[in-house]
Amino acid sequence: MIDAPLPSEAGHEALATIPIDLWINTFLFGALPYIALAVMIIGSIFRYEREPYTWRSGSSQLLRRKQLMWGSVLFHIGILFLFIGHFVGLLTPHSVYSLVITAEAKQMVAIVAGSIAGLICFVGLVLLMHRRFFDPRIRRQSPFADNAILVILFVQLLLGLATVPFSLAHSDAEVMLRLSAWAQGIFTFEPGVGRYVAGLDWPYQAHLVLGMLIFLLLPFTRLVHIFSAPVRYLWRGGYQIVRSRKDLSHG
């Protein structure tokens, strides 16, 4: 008589044969995206409901105001174009944009436009970091979280720029298509979505992981103000307050 392993023992043996790098890849690119998105959404709602007066970017504009203005404008212009480019570029299905542009041409447009926006954002962020870290008065009143998020954004920006040479080396757009498939698979709840980015060069993977970390930290930092950007002012008409004659007669 042959002793067959119990089902539980067989399951443990099967799990033990899975390589550790597959476990790490599955967690970082299959589970962490959902954890980061859930914390970002739930945490932001909770903070807005419980601590609405902390829902702001904070300001020290009375100190070195000109440097703040230039740094802030350049940083926000660059980061806005980068966010829109990543959002549209990654989440637009290949079957849609292939009607007007090839994947190879789309990748080249993304490289050129992303590099320009990244450099603009880089200059702005350097100005903001220099102002915050090298002015003793501003440094003393800067919370640790504000300083930390600036450093994290700086590293994330460097990682993004570091992917440019790797993307140029993959002129067939294979990596871009794999990244797009991963991002779209996250939002369609595709099982095993981490396989799309397995084996990519380290700058891509580090860029993705740090991006998810930023989403994870967003509710606990000043970055929450991105959800309350005053975009309504772009289409709101001007107005003028005028007192009526009746009010003037009583005055």
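Heads up: the structure comes first, above all this text.
Small disclaimer: the values here were computed from a predicted structure and weren't measured. (Residues numbered from 1 in each chain as written. Predicted model: local features only at pLDDT ≥ 70, side-chain atom pairs only at ≥ 80, totals over all residues. Heavy atoms only, no water.)

Caption draft 1: Region of interest: the overall build of the protein. Across its full length, the protein holds ten helices and zero strands. When the 251 residues of the protein are sorted by exposure, 30% land in the buried category. Within the protein, counting contacts between residues at least 6 apart in sequence, those at least 24 apart form 79% of the total. Just so you have it, the protein exposes about 16700 Å², and 71% of that area is on carbon and sulfur atoms. (Helix = DSSP H or I, 4+ residues; strand = E, 2+ residues; numbered from the N terminus. Buried < 20%, exposed > 50% of the residue type's maximum accessible area, 1.4 Å probe, protein only. Contact = heavy atoms within 4.5 Å. Areas by Shrake-Rupley, 256 points an atom, 1.4 Å probe, with all protein chains shown as cover.)

Caption draft 2: Representation of the packing of helix α2 (residues 20-50) against helix α9 (residues 202-217). Relative to each other, α2 and α9 sit at 25 degrees, their axes nearing to 8 Å. In terms of orientation, α2 lies roughly parallel with respect to α9. The element α2 and its partner α9 pack so that their crossing is left-handed. For the pair α2 and α9, the contacting residues are Asn-25, Leu-28, Phe-29, Leu-32, Pro-33, Ile-35, Ala-36, Val-39 and Met-40 in the first and Gln-205, Leu-208, Val-209, Met-212, Phe-215 and Leu-216 in the second. For the contact of α2 with α9, the residue count by class is 13 nonpolar, two polar and no charged. (Axes fitted to C-alpha atoms, helices over the stretch in contact; angles between N-to-C directions. Parallel < 35°, antiparallel > 145°, perpendicular 65-115°, else oblique. Left-handed = near helix turned anticlockwise from the far one by under 90°. Nonpolar A, V, L, I, M, F, W, Y, C, P; charged D, E, K, R; others polar.)

Caption draft 3: Main features of the environment of Ile-42. Summarising the element assignment, Ile-42 is placed in helix α2. On the accessibility criterion, Ile-42 (60% relative accessible area) is exposed. Here the alpha-carbon distance between Ile-42 and Pro-219, two residues 177 residues apart in the chain, equals 8.5 Å.

Caption draft 4: Geometry of a nonpolar patch on the surface. A contiguous nonpolar surface patch, about 930 Å² in accessible area, is contributed by Met-69, Trp-70, Val-73, Ile-77, Phe-81, Met-108, Val-112, Ile-116, Ile-120 and Leu-168. Listed by contribution, the elements that provide at least two residues to the nonpolar patch are α3 (65-91) and α5 (103-134). Top contributing element to the nonpolar patch by residue count: α3, with five residues. (Patch = residues over 30% accessible without salt bridge, like charges linked within 9 Å, V, L, I, M, F, W, Y side chains within 5 Å. Salt bridge = Lys/Arg side-chain N within 4 Å of Asp/Glu carboxyl O.)

Caption draft 5: Seen up close, the packing of aromatic side chains. Scanning all chains against the criterion turns up five aromatic pairs. Measuring from ring centre to ring centre gives 5.6 Å for Tyr-34 and Phe-189, while their planes differ by 10 degrees; the resulting arrangement is stacked. In this pair, Tyr-34 is assigned in helix α2 and Phe-189 in the loop between α8 (174-187) and α9, connecting sequence segments 155 residues apart. Pairing Phe-83 with Phe-87 gives two aromatic rings, centres 6.2 Å apart and planes at 25 degrees, and the pair type is stacked. In this pair, Phe-83 and Phe-87 both sit in helix α3, four residues apart, roughly one turn of the helix. The cationic tip of Lys-106 hangs over the ring face of Tyr-97; the distance from NZ or CZ to the ring centre is 4.6 Å. Residue placement shows Arg-195 over the ring face of Tyr-196; its charged tip is 4.5 Å from the ring centre. (Phe/Tyr/Trp six-rings, centres within 6.5 Å; stacked < 30°, edge-to-face > 60°. Lys NZ or Arg CZ within 6 Å of the ring centre and 35° of its normal.)

Caption draft 6: Region of interest: the nonpolar core. Judged by nonpolar contacts, the single largest core of 20 residues is most densely connected at Phe-75, Leu-125, Leu-153 and Leu-223. The greatest single-element share of this core, amounting to six residues, is contributed by helix α7 (residues 144-169). Every residue in contact with Phe-75, bar those within four places of it in the chain, is listed here: Cys-121, Gly-124, Leu-125, Leu-128 and Leu-153. Of all hydrophobic cores here, the second largest spans 14 residues; its members include Phe-29, Ala-36, Leu-179 and Val-193. (Core = buried A, V, L, I, M, F, W, Y, C linked by side-chain atoms within 4.5 Å.)

Caption draft 7: View of the pattern of salt bridges. Counted under the stated rule, the structure contains four salt bridges. Residue Arg-195 pairs with Glu-190 through a salt bridge whose shortest N-O separation is 2.7 Å. Overall, Arg-195 belongs to the partly exposed group, its relative accessible area being 47%. Glu-190 gets classed as partly exposed once you look at its relative accessible area, which sits at 24%.

Caption draft 8: Quick look at the environment of Val-151. Assignment of secondary structure puts Val-151 in helix α7. Between the C-alpha atoms of Val-151 and Met-129, which are 22 residues apart in sequence, the distance is 8.1 Å. If sequence neighbours within four positions are ignored, Val-151 has contacts with Met-129 and Phe-133.

Caption draft 9: Quick look at unusual backbone geometry. Positioned with a positive phi, Ala-173 is a non-glycine residue whose angle comes to about 65 degrees. Topologically, Ala-173 is positioned in the loop between α7 and α8. Of the residues examined, Ala-173 reaches a relative accessible area of 0% and is grouped as buried. Positive phi, close to 55 degrees, is recorded for Phe-189, a residue that is not glycine. Given a relative accessible area of 63%, Phe-189 falls into the exposed group.

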